[in-house]
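Results of the structural survey
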2 protein chains.
Amino acid sequence: MGLPILSVSRRLRRTPFTDQIVESGVKSYTVYNRMLLPTSFESVEDDYHHLKRDVQIWDVSCERQIEIIGPDAATLVQRLTPRNLATMKIGQCRYIPVVDETGGMINDPVLLKLADDRFWISIADSDLIFWIKGLAQGSQYNAKIFEPDVHPLAIQGPKSDELAARIFGPEITQLGFFKFAPYKWREQTLYVGRSGYSRQGGFEIYLQGFSNGAQLFNDLMEAGADLNVRAGCPNLIERIEGGLLSYGNDMTSENSPFECGLGKFCNLDIVTNCFGFDGLREEFINGPQQQIRSLSIDGPALMPCTDVWSLYVRDELAGHITSAAWSPDFDTNVALGMVHKKYWDAGTVLTAKTPDGERQALIMQGSFADQ
Amino acid sequence: MGLPILSVSRRLRRTPFTDQIVESGVKSYTVYNRMLLPTSFESVEDDYHHLKRDVQIWDVSCERQIEIIGPDAATLVQRLTPRNLATMKIGQCRYIPVVDETGGMINDPVLLKLADDRFWISIADSDLIFWIKGLAQGSQYNAKIFEPDVHPLAIQGPKSDELAARIFGPEITQLGFFKFAPYKWREQTLYVGRSGYSRQGGFEIYLQGFSNGAQLFNDLMEAGADLNVRAGCPNLIERIEGGLLSYGNDMTSENSPFECGLGKFCNLDIVTNCFGFDGLREEFINGPQQQIRSLSIDGPALMPCTDVWSLYVRDELAGHITSAAWSPDFDTNVALGMVHKKYWDAGTVLTAKTPDGERQALIMQGSFADQ
């Protein structure tokens, strides 16, 4: 499709950091939850090397927050997901599959427990808030559900601890993975979690107050100047190497959590009253017929994957590739795809029908980053 | 922001017509319901003149369909909207406001009644399906709710009747406004409605079967060659002139239907059990404090409106502009905006703070197309 131009309007919402992102030289965007999400600055490949070496500031405001607060908040949140939340403590983050009544994935957000009766859900690309509001309205739960004035900004890369310590104090380096806590920044107290959509380590800052965005972004860029900090964004190559799934790309509402490799988060022996339970039951017992796998596709760099690419074994459809990119570090095309049970074992070689012709695709054991 | 590049991935879904749209020379896109929606071919201004003079084929697949079918379908559909549907007949379309529990607009779709127990909802840019599924699940309605394999393609422009007759037969020219009926096309029967997102007249074809897209598009382009048919898209200038609202641009979940000028579709004296009734009651009685207006902004052509522009009377905030474009036919900047009650009377002059400086903005009586 060449390089399509994006027409910007109010509907594609700006973020608290959009002006800084533009000044930082953003080259391209995608649209995520009707918000602008940068996809490259120098180039996807240059950004990739920098992310793995230094530290980046990411405008991930498009991970919109849903706040659920009230007497029935905890009950409602548990009904939203097959993952058992009974042991979840205040200050913890949990990755939770959320399914509709058929058991199909409608989002794969991160849940934050702020209080026994107060939660934030940091969402992937779909209007999960309507599902929650609809359920709450229909079931008459006593909870307020809304999008708070909260906008995540991520620090990602190996120098993240050093940079975060300069802004929030050295104690932040003691924060455990998928934990969050309040930290002082200027006159505010902000929640910061050790999390993020890369495998390079880092934090997500939950900025409160849209108008504070420029100050926070600039403070981080100034504090990190000698660390070679740059504006960045989720990196296509790095996230495929890391096996990080993208809702809408690697899975849709057609897929169950079991197909997405999220069976470990489906505690259906304990959580028997979650919405979608009936839709999940059969795969909980018998397992899925297909599942996401990391694959290595041979030959030179492929065109971007803008649609699924079929996978074959001789004339038999074996699955499809959903994301792919050339990896400089692994010297191959790294990919994610949904593969039928018969062919999903590591070491199996399939034929991928790509826009650049037929290629051999090898099923990996785990993700590339796990090798 | 210059001309931002859009990074395309599977998450930004292709449509049945994407290949034809690319071949037709699409210049730019927006993203609508996570689908690619063209925004210009020659240029917005050239497309505008052509739309008003000839006939265009629009890929509006992004108006995703929600099918609701089953014993409780009619009850559920009525509970979704404050508009009274008691008199709605099979074969009719209705524009329906849909609000959340606070009375805030969450979509402004077109409802089609296919049978007493079967409806399609042709949605604006939000995942309305989750709200409906959540309500149905929570309230235990007996209805199946899903996205069918249906993809709207519009014929718009003054020569639409001529073109539609060549494909579907002359009887289609007898179809009334906001009515739909089944028509034969090749071996299929397709629903076609007299509707569309312009004021130039035309039809929306509800293509069934993704893989039939190329054939339908090509048939229309061939049949209309001597009518100067072109691939087109919703036109920013023409829709503002026509006062056609854009969900996400001119209204958000912060706005009530009354603020959007949709009070005539809020029959709360009859429809007393719709979801969101309590949130709408106060404005049903007292009216809104602000409302959408068409405005004329003086001076030369303005930059695109990528965010709201404040409207003032002296130092007092009077509202904000949400959409704007230079209109060649009206020789002014045409705009839509939300204006406070105190200042919303036709003839009032406000000051608009635009990126091109302060401009005078005149409140119109009705839309430009109504002049």
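Just so it is clear, the model here is predicted, and its values are computed rather than measured.

Some words on the overall build of chain A
When its secondary structure is counted, chain A shows eight helices and 22 strands. Over its C-alpha atoms, taken along the principal directions, chain A stretches across nearly 65 × 50 × 40 Å. Partitioning the intrachain contacts of chain A with sequence separation of at least 6 by distance along the chain shows that 66% fall at a separation of at least 24.

Remarks on the environment of leucine 12 of chain A
One can find leucine 12 of chain A in the loop between strand 1 (5-6) and helix 1 (18-23). Distance in space between the C-alpha atoms of leucine 12 of chain A and arginine 34 of chain A is 4.8 Å, their sequence separation being 22 residues. If near-sequence neighbours (up to four positions away) are discounted, leucine 12 of chain A is found in contact with Val31, Arg34, Met35 and Leu36 of chain A together with Thr30 of chain B.

As for the packing of helix 4 (residues 128-139) of chain A against helix 4 (residues 128-139) of chain B
For any two helices packed against each other, one specifies the crossing angle of their axes together with the interaxial distance. Between helix 4 of chain A and helix 4 of chain B, whose axes approach to 7 Å, the crossing angle comes to 25 degrees. On the basis of their axis angle, the class for helix 4 of chain A and helix 4 of chain B is roughly parallel. The handedness of the crossing between helix 4 of chain A and helix 4 of chain B is right-handed. Note on element contacts: helix 4 of chain B touches helix 4 of chain A through Leu128, Phe130, Trp131, Ile132, Lys133, Gly134, Leu135, Gln137, Gly138 and Ser139 of chain B, opposite Leu128, Phe130, Trp131, Ile132, Lys133, Gly134, Leu135, Gln137, Gly138 and Ser139 of chain A. Residues that form the contact of helix 4 of chain A with helix 4 of chain B fall into these classes: ten nonpolar, eight polar and two charged.

What about the relation of the copies chain B and chain A?
Overlay of chain B on chain A (RMSD 0.0 Å): rotation 180 degrees, translation along the axis 0.0 Å. Such a turn and shift between the copies fits a two-fold axis. With an isologous cut-off of 70% or more, the 100% of interface residues of chain B that recur at the interface of chain A puts this contact in the isologous class.

What to know about the interface of chain B and chain A
Taken together, the contact between chain B and chain A spans 46 residues of the former and 46 residues of the latter. For the side of chain B that touches chain A, the secondary structure elements donating two or more residues are strand 1 (5-6), strand 2 (28-32) and helix 4 of chain B. Ranked by the residues each element gives to the side of chain B that touches chain A, the list is headed by helix 4 of chain B, at ten residues. Partitioning the side of chain B that touches chain A into residue classes produces 20 nonpolar, 15 polar and eleven charged. Of the pairings in the sheet, the one linking strand 1 of chain A to strand 2 of chain B comprises two bridges and is parallel in character. For leucine 6 of chain A, the partnering residue across the bridge sits in strand 2 of chain B and is tyrosine 29 of chain B.

Observations concerning the domain arrangement of chain A
Residues and elements named next belong to chain A. Under the domain assignment used here, chain A contains domain 1 (18-63 + 149-240), domain 2 (65-146) and domain 3 (244-363). In this structure, domain 2 and domain 3 have C-alpha centres spaced 26 Å apart. Taken residue by residue, the interface counts 24 residues in domain 2 and 23 residues in domain 3. Elements with a minimum of two residues in the side of domain 2 that touches domain 3: helix 3 (73-80) and strand 8 (105-107). Its residues assigned to classes, the side of domain 2 that touches domain 3 shows ten nonpolar, eight polar and six charged.

Quick look at the nonpolar core
With 218 residues, the main nonpolar core has Leu128, Ile132 and Leu153 of chain A together with Leu128, Ile132 and Leu153 of chain B as its most contacted residues. Ignoring any residue separated from it by four or fewer positions in sequence, one finds isoleucine 132 of chain A in contact with Ile66, Ile68, Leu80 and Ile145 of chain A together with Gly134 of chain B.

Describing the sheet that holds strand 16 (residues 230-232) of chain A
Residues and elements named next belong to chain A. Strand order in this open sheet of six strands is 13-14-15-12-4-16, and the pairing throughout is mixed. The sheet is open, and its two borders are formed by strand 13 (180-185) and strand 16, each paired with just one other strand. Across the sheet, the mean angle from the axis of one strand to that of its neighbour is 30 degrees, orientation sign disregarded. By the bridge criterion, four bridges tie strand 4 (residues 56-59) to strand 12 (residues 150-156) in an arrangement that is antiparallel. The partner of tryptophan 58 across the bridge, within strand 12, is alanine 154. Together, strand 12, strand 13, strand 14 (188-193) and strand 15 (202-208) form the strand contacts of helix 5 (residues 160-168), whose direction differs from that of strand 12 by roughly 130 degrees.

Describing the sheet that holds strand 17 (residues 290-297) of chain A
Backbone-to-backbone hydrogen bonds join strands into a sheet, with any given pair of strands oriented parallel or antiparallel. All names here are of chain A. Read once around its circumference, the closed barrel built from six strands follows the order 17-20-19-18-21-22, with strand pairing classed as antiparallel. Averaged over all pairs of adjacent strands, the angle between strand axes in this sheet comes to 40 degrees, irrespective of strand direction. Of the strand pairs in this sheet, strand 19 (residues 316-327) and strand 20 (residues 332-340) are connected by eight bridges, and their pairing is antiparallel. Note that in strand 20 the partner of serine 327 across the bridge is threonine 332.

Examining the pairing of strand 21 (residues 349-354) of chain A
Residues and elements named next belong to chain A. Only one face of strand 21 is buried, namely the one carrying Leu350, Ala352 and Thr354, since none of Val349, Thr351 and Lys353 on the opposite face is buried. Two elements, strand 18 (residues 309-313) and strand 21, share two bridges in a ladder whose sense is antiparallel. Looking at strand 21, one finds that tyrosine 312 is bridged to threonine 351. Alignment of strand 21 against strand 22 (residues 357-363), held across six bridges, turns out to be antiparallel. Its bridge partner being in strand 22, leucine 350 is matched across the sheet by alanine 361. As consecutive antiparallel partners, strand 21 and strand 22 are separated by two residues.

Observations regarding the environment of alanine 369 of chain B
Residues and elements named next belong to chain B. Mapped onto the elements of the fold, alanine 369 is located in the segment after strand 22 (357-363). The partly exposed category is assigned to alanine 369, around which 19 C-beta atoms lie within 10 Å. Separated by 156 residues in the primary sequence, alanine 369 and glycine 213 have C-alpha atoms spaced 33 Å apart.

Here's the deal with the environment of glutamate 171 of chain A
Residues and elements named next belong to chain A. Secondary-structure assignment places glutamate 171 in the loop between helix 5 and strand 13. The exposure class assigned to glutamate 171 is exposed, which follows from the 10 C-beta atoms found within 10 Å. In this structure the C-alpha to C-alpha distance between glutamate 171 and proline 234, which are 63 residues apart in sequence, comes to 26 Å.

Re unusual backbone geometry
Residue asparagine 33 of chain A is not a glycine yet carries a positive backbone phi of 50 degrees. Among the secondary structure elements, asparagine 33 of chain A is positioned in the loop between strand 2 (28-32) and strand 3 (35-40). Of note in this structure, arginine 314 of chain B is not a glycine but carries a positive phi near 50 degrees. Within the element layout of this structure, arginine 314 of chain B appears in the loop between strand 18 (309-313) and strand 19 (316-327).

What to know about the pairing of strand 13 of chain A
All names here are of chain A. With six bridges joining them, strand 13 and strand 14 adopt antiparallel strand pairing. Bridge pairing in strand 14 places lysine 184 opposite threonine 189. Taken together, strand 13 and the strand that follows it, strand 14, pair antiparallel across an intervening segment of two residues, in which arginine 186 is found at a positive phi of about 50 degrees.

Examining the packing of helix 5 (residues 160-168) of chain B against helix 6 (residues 213-223) of chain B
All names here are of chain B. Contact geometry of helix 5 with helix 6 gives a least axis separation of 10 Å together with a crossing angle of 120 degrees. Taken together, the axes of helix 5 and helix 6 are oblique relative to one another. Considering how the two elements wind past one another, helix 5 and helix 6 form a crossing that is right-handed. Of the residues in helix 6, those in contact with Leu163, Arg166 and Ile167 of helix 5 are Asp219, Leu220 and Ala223. Partitioned by chemical class, the residues of the contact of helix 5 with helix 6 number four nonpolar, no polar and two charged.

What counts as what
Residues numbered from 1 in each chain as written. Chains lettered and ligands numbered in written order. Predicted model: local features only at pLDDT ≥ 70, side-chain atom pairs only at ≥ 80, totals over all residues. Helix = DSSP H or I, 4+ residues; strand = E, 2+ residues; numbered from the N terminus. Contact = placed C-beta atoms within 7 Å. Axes fitted to C-alpha atoms, helices over the stretch in contact; angles between N-to-C directions. Parallel < 35°, antiparallel > 145°, perpendicular 65-115°, else oblique. Left-handed = near helix turned anticlockwise from the far one by under 90°. Nonpolar A, V, L, I, M, F, W, Y, C, P; charged D, E, K, R; others polar. Least-squares fit on C-alpha atoms with pLDDT ≥ 70 in both. Pairing = 2+ DSSP bridges. Domains from an automatic or database assignment. Core = buried A, V, L, I, M, F, W, Y, C linked by C-beta atoms within 7 Å. Buried ≥ 20, exposed ≤ 12 C-beta atoms within 10 Å, placed from the backbone.

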